[in-house]
Amino acid sequence: MLEKQIEQALVRRVKELGGTCEKFTSPGRRSVPDRIVTLPGGRIIFVECKAPGKRPTITQQFDHERRRLLGCDVRVIDSIEVTIAFP
C-alpha cells in the first residue's frame, strides 16, 4: 500500500465525518504534516500520512513535537485500519 492510498482514504473518512481535509504546505518550511483536518465543533488535527511500516523523518518528528508542545493534536497514520478508526 502506498502513502497516497492512505491519504486518499483519510480524505474520504474525514468527508464522512463532515469535516475538511486540506493539503498542508508551508512555503519556506519543510517537514510540516501532510494534512490539516477540521472537524465539526472546531476540532483541528494535523495528520502525517505514511506508507505502512514507515516512520516520520527526524525533522518531521521535531515539527510534530513542537506542535504538540503548543497544544496541537498531531497524528501519524500508516494504515487503512487507523484511517477507518479516525479520529
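Conventions used here
Residues numbered from 1 in each chain as written. Predicted model: local features only at pLDDT ≥ 70, side-chain atom pairs only at ≥ 80, totals over all residues. Heavy atoms only, no water. Phe/Tyr/Trp six-rings, centres within 6.5 Å; stacked < 30°, edge-to-face > 60°. Lys NZ or Arg CZ within 6 Å of the ring centre and 35° of its normal. Pairing = 2+ DSSP bridges. Helix = DSSP H or I, 4+ residues; strand = E, 2+ residues; numbered from the N terminus. Axes fitted to C-alpha atoms, helices over the stretch in contact; angles between N-to-C directions. Contact = heavy atoms within 4.5 Å.

Novice: Honestly, the packing of aromatic side chains in this entry has me stumped. Any pointers?
Specialist: Centre distance and the angle of the planes are the two values used to describe a pair of aromatic rings. With the rule as written, the count across this model stands at one aromatic pair. Positioned above the aromatic ring of Phe 46 is the side chain of Arg 67, whose terminal nitrogen or guanidinium carbon lies 4.8 Å from the ring centre.

Novice: Please explain the sheet that holds strand E4 (residues 73–77) as it appears in this structure.
Specialist: Picture the strands of a sheet paired through backbone hydrogen bonds; they go either parallel or antiparallel. Strand order in the open sheet made by the four strands is E1-E2-E3-E4, with mixed pairing throughout. Whereas interior strands pair on both sides, the edge strands pair on one side only; in this sheet they are strand E1 (20–23) and E4. Each adjacent strand pair in this sheet contributes to an overall mean axis angle of 25 degrees, direction not counted. Pairing geometry for strand E2 (residues 35–39) and strand E3 (residues 43–49), over five bridges, is antiparallel. Within the sheet, the bridge partner assigned to Arg 35 lies in E3 and is Val 47. Here helix H2 (residues 58–69) sits on the sheet in contact with E3 and E4, set at roughly 145 degrees to E4.

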